[in-house]
Amino acid sequence: MIYIVEGRLLDTSENTDKYAADRFQMVQYQLIHRGIHDKRVLKAMSEIPRHRFVPDMYQHAAYEDSPLPIGEGQTISQPYMVAIMTQCLELKGDEKVLEIGTGSGYQAAILSVLAAHVYSIERHEPLATKAKYLLKDLGYGNVEVIVGDGSVGLPDHSPFQGIIVTACSPKIPQNLIDQLAIGGRLVIPVGNPFGQTLFQVVKTETGTDTKGILECVFVPLIGKEGWREEG
Ligand code: SAM
């Protein structure tokens, strides 16, 4: 497939499964037309089979402009949201990245081809197990899926050059900033369960630079540094 991004051609490699045309439309109209410009992100999303990460009954809708249910009351995020969050990490390829909220494993697969190593934490064991085996099956060998409370991060494996939280937090957790390398980026939706702002937080020598990116709605981050289970 050939895309035109900011006047330049982006040639993606083998892209021939039965959803290739849907995926092309998704990248062209949902991502490029809305301003996603990181070519590595666009290439990853034009190649990774999102339909494999959703339940069979939703495969036909895998490339639509919306989140979809994945079980346990959770969702795989809208493609545009995956793209903008990944773009905000500004990955070059040699990073160690932490994802909080594995869900289906789709975001982890994207990170897998954009970074050197990915740790991904999921609190629902059935989702974590399914994602772990799917990622292995599809050959994303540099992803480690861990069952647990990701709101506390993964201090033993820190520092990370990127941390992405795919559930909504009541605050920007200081413990996650502590686990970032200098120059590293935290991407996190912060607000209440009904509406949040997506923030990009860059750790500097002296503190942090924080930028609001867009308004969004994510499922809650449940855990010690997030929301209590009963809501
Ligand atoms: N990134 C996922 C994907 O690509 O499918 C979508 C994530 S879904 C929007 C948010 C996920 O965060 C859910 O699977 C939920 O169970 C998980 N979650 C919520 N709180 C968590 C916590 N404290 N630790 C780990 N996972 C958590």
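Residues numbered from 1 in each chain as written. Predicted model: local features only at pLDDT ≥ 70, side-chain atom pairs only at ≥ 80, totals over all residues. Heavy atoms only, no water.

## A look at the packing of aromatic side chains
Inspection of the entire model under this criterion finds three aromatic pairs. Each ring, one from F53 and one from Y106, has its centre 5.7 Å from the other, and the planes form 65 degrees; the classification is edge-to-face. Of the two residues, F53 sits in the loop between α2 (39-47) and β3 (68-71) while Y106 sits in helix α4 (residues 106-114), which places them 53 residues apart along the sequence. Per residue, the accessibility class of F53 equals that of Y106, and both read buried. Aromatic pair Y119 and F160: ring centres 6.1 Å apart, planes at 75 degrees, arrangement edge-to-face. In this pair, Y119 is assigned in strand β6 (residues 117-122) and F160 in strand β8 (residues 160-165), connecting sequence segments 41 residues apart. (Phe/Tyr/Trp six-rings, centres within 6.5 Å; stacked < 30°, edge-to-face > 60°. Helix = DSSP H or I, 4+ residues; strand = E, 2+ residues; numbered from the N terminus. Buried < 20%, exposed > 50% of the residue type's maximum accessible area, 1.4 Å probe, protein only.)

## A closer look at the nonpolar core
Across soluble globular proteins, nonpolar side chains have a tendency to be buried as a group. Within the largest apolar cluster, 52 residues are counted, with the highest numbers of intra-cluster contacts made by M45, F53 and Y106. If you list the elements that add at least two residues to this core, you get α1 (20-31), α2, β3, α3 (79-89), α4, α5 (125-137), β7 (143-147) and β11 (208-216). If you tally residues by element for this core, the top one is α3, at eight residues. The residues contacting M45, other than those within four sequence positions of it, are R23, M26, V27, L31, P79, V82, A83, Y106 and I110. Counting 17 residues, the second-largest nonpolar core is a separate cluster that includes I100, A167, I177 and V190. (Core = buried A, V, L, I, M, F, W, Y, C linked by side-chain atoms within 4.5 Å. Contact = heavy atoms within 4.5 Å.)

## A few points about the layout of surface pockets
In this structure, the largest pocket encloses a volume near 590 Å³. Along the wall of the largest pocket there are 37 residues; nearest its centre are T75, T166, A167, F218 and V219. Contributing elements (two or more residues each) for the lining of the largest pocket: β4 (74-76), α3, β5 (96-100), α4, β6 and β11. Grouping the amino acids of the lining of the largest pocket by side-chain chemistry returns 17 nonpolar, 15 polar and five charged. By volume, the second largest pocket amounts to about 160 Å³. Forming the walls of the second largest pocket are R52, F53, V54, P55, D56, I70, G103, S104, L127, K130, A131 and L134. Partitioned by chemical class, the residues of the lining of the second largest pocket number seven nonpolar, two polar and three charged. (1 Å grid on protein atoms, 1.4 Å probe; cavity = no way out; pocket = protein on both sides within 12 Å on 5 of 7 lines; lining within 4 Å. Points joined across faces, edges and corners; volume = space filled by probe spheres on them. Nonpolar A, V, L, I, M, F, W, Y, C, P; charged D, E, K, R; others polar.)

## Comments concerning the site of the ligand
What surrounds the ligand is a group of 27 residues, the closest being E99, S104, E122, G150 and I222. Contact distances for the ligand include 2.9 Å between a nitrogen atom and a side-chain N or O atom of E99. Backbone polar atom of G150 to a nitrogen atom of the ligand: 2.8 Å apart, as the coordinates give it. Here the ligand, which alone exposes 590 Å², has 99% of that area covered by the protein. Among the elements of the structure, β4, α4 and β6 are those that each provide at least two residues to the shell around the ligand. Of all the elements, β4 adds the most residues to the shell around the ligand, at three residues. Split into classes, the residues belonging to the shell around the ligand amount to nine nonpolar, 14 polar and four charged. (Near = heavy atom within 4 Å. Polar contact = N/O pair within 3.5 Å; in protein donor to acceptor, adjacent residues only side chain to side chain. Areas by Shrake-Rupley, 256 points an atom, 1.4 Å probe, with all protein chains shown as cover.)

## Concerning α5
Between its first and last C-alpha atoms α5 spans 18 Å; for 13 residues at 1.5 Å apiece the expected length is 18 Å, and the two agree. Turning to α5, its buried residues number three or more, namely L127, A128, A131, L134 and L135. Taken around the axis of α5, the buried residues stretch over an arc of 140 degrees, which confines them to a single face. What points out from α5, more than 90 degrees from its buried face, is the exposed set K130, K136 and D137. For α5, the secondary structure elements touched by its buried residues are β3, β4, α4, β6 and β7. Just past α5, the residue G139 takes up positive phi, approximately 90 degrees. (Expected span 1.5 Å × (residues − 1). Arc of directions from axis to C-beta.)

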